[in-house]
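Working through the structure, step by step
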Amino acid sequence: MMNRKLNYLKVSVLLLFMALFMVSCNDDDDDDDADLVGNWKTLWEFEGVARSHAVSFVIGDKAYVVSGYDGDERVRLQDCWEYNPDQNQWLQKASFPGLGRTSAFSFSANGKGYVGCGYDGSTKLNDVWEYDPINDSWTQKNDFPASARYGAVSFTIGGKGFVCGGFDGNYLKDLWEYNAETDTWTQKTSLPGSKRFNAHVFVIDDIAYVFGGNNNGTYVDDFWAYDCSADTWTNKRDIADNSDDEYDDDYTSIIRQCGVTFVINGYGYIATGDESSLVNTTWEYNPAKDLWTKKTEFEGTARTNAVGFTINNRGFVLTGKTSSLYLDDVWEFYPFAEQVDND
């Protein structure tokens with residue numbers, strides 16, 4: 001009888017220890033989430049119809065959102081909206097004269113915005129259009145010279161636009177430079193890594209960082225930096241848990257497609273998107289250290305195919321869709337502020 005009591009006591013102590021250990025682990029997880037830095041603040045809604053797959057470009061102190069899809073019987077939108085962040089106001093501008101489209105490319109150069117390629121619901125496109133904000137007018141430019149495509153990544157460096165990758169029936173990784181002054185395209189050195197579409201890019205100190213996206217149903221994890229002055233690519237650390245160190249233990253949650261990026265004070269950010277399911281994690285990239293830091297999760301509804309842009313070191317995320325809901329809310333991210341609920 002005494003041995004049974006002792007065994008029962010041992011088992012009870014063991015169960016109590018295990019329970020305390022589990023609570024401690026859960027508390028650590030909660031503490032890890034609580035320690036994340038950054039605050040998402042909701043702004044007044046985008047004044048156009050809710051949509052996904054739109055594109056944006058920034059000219060001076062204003063951002064422009066063009067086209068997209070609102071879920072209405074395959075019809076793509078053609079409206080164009082200007083955003084003034086200082087007044088938190090939207091103003092409708094001259095409509096996009098080309099076919100409405102989704103997953104186009106967009107960039108700004110020399111005070112004008114450019115929109116090209118994309119998908120109109122039945123056809124891949126390769127036309128290119130220029131927006132003049134002074135005259136509020138659109139002009140068709142020379143067609144994109146490579147294959148018609150959608151889901152390419154685009155960026156601006158040194159007054160020139162760049163378009164990389166995408167999908168034309170084949171996954172792509174070619175790179176093209178656009179000279180707005182001469183309305184000409186020049187092929188540059190292709191991305192050395194995986195072919196991809198629906199990838200991401202941000203530009204910091206005239207270096208473009210390209211990562212993520214989808215290749216043959218796989219979410220790619222290689223990460224590349226492009227120097228346009230030398231037309232060279234540099235392989236950065238993969239966005240994967242490849243080392244025995246702790247820094248990359250959670251890197252797998254960076255991987256995604258159809259997310260949004262922006263740059264604040266020399267750091268790159270990615271938020272939203274999908275990787276088999278919708279992704280809410282926000283990550284910050286430090287180019288000097290080639291390291292990522294997890295930030296406060298995006299506080300709006302989880303979404304994919306949203307729009308993101310940077311205006312004067314301020315990062316914004318808007319529109320997008322869940323599985324069936326199209327969105328028109330607007331969020332600004334404060335990367336070094338404490339998180340505040342419902343602000």
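The structure under discussion appears in the preceding block.
In this report, we go over the structure that sits alongside the text. No experiment lies behind these values; they were computed from the predicted model shown.

Description of the nonpolar core
Most often, soluble globular proteins have nonpolar side chains that are buried together. The biggest cluster of nonpolar side chains holds 17 residues, and the ones touching the most others in it are Phe202, Tyr209, Phe211, Phe223, Ile239, Ile254 and Trp292. The set of elements that each furnish at least two residues to this core consists of strand 14 (200-204), strand 15 (207-211), strand 18 (223-227) and strand 24 (282-286). It is strand 15 that provides the largest number of residues to this core, a total of three residues. Every residue in contact with Phe223, bar those within four places of it in the chain, is listed here: Tyr209, Val210, Phe211, Thr234, Asn235, Lys236, Arg237, Asp238, Ile239, Tyr285, Asp290 and Trp292.

Side note on empty space enclosed by the protein
For the structure shown, the criterion picks out one cavity of 30 Å³ or more. Put simply, the largest cavity is a space of about 40 Å³. Elements supplying a minimum of two residues to the lining of the largest cavity: strand 11 (160-167) and strand 12 (171-179). The biggest single contributor to the lining of the largest cavity is strand 11, with three residues.

Some details on the sheet that holds strand 9 (residues 137-141)
The strands making up a sheet associate through hydrogen bonds between their backbones, and the pairing can be parallel or antiparallel. Strand order across the open sheet formed by four strands is 6-7-8-9, with antiparallel pairing between neighbours. Both outer strands of the open sheet, strand 6 (105-109) and strand 9, are each paired with one neighbouring strand and no more. Adjacent strand axes in the sheet meet at a mean angle of 25 degrees when their direction is disregarded. Sheet topology note: the strand 6/strand 7 (residues 112-116) ladder contains five bridges and is antiparallel.

Things to note about the side chain of Thr304
Counting through the fold element by element, Thr304 comes out in the loop between strand 25 (291-295) and strand 26 (307-311). A relative accessible area of 8% means that Thr304 is categorised as buried. At a separation of 2.6 Å, a polar atom in the side chain of Thr304 contacts the side chain of Asp274. If we ignore the near neighbours within four places in the chain, the residues touching Thr304 are Gln257, Cys258, Gly273, Asp274, Leu278, Gly320 and Lys321.

Rules of the game
Residues numbered from 1 in each chain as written. Predicted model: local features only at pLDDT ≥ 70, side-chain atom pairs only at ≥ 80, totals over all residues. Heavy atoms only, no water. Core = buried A, V, L, I, M, F, W, Y, C linked by side-chain atoms within 4.5 Å. Buried < 20%, exposed > 50% of the residue type's maximum accessible area, 1.4 Å probe, protein only. Helix = DSSP H or I, 4+ residues; strand = E, 2+ residues; numbered from the N terminus. Contact = heavy atoms within 4.5 Å. 1 Å grid on protein atoms, 1.4 Å probe; cavity = no way out; pocket = protein on both sides within 12 Å on 5 of 7 lines; lining within 4 Å. Points joined across faces, edges and corners; volume = space filled by probe spheres on them. Pairing = 2+ DSSP bridges. Axes fitted to C-alpha atoms, helices over the stretch in contact; angles between N-to-C directions. Polar contact = N/O pair within 3.5 Å; in protein donor to acceptor, adjacent residues only side chain to side chain.

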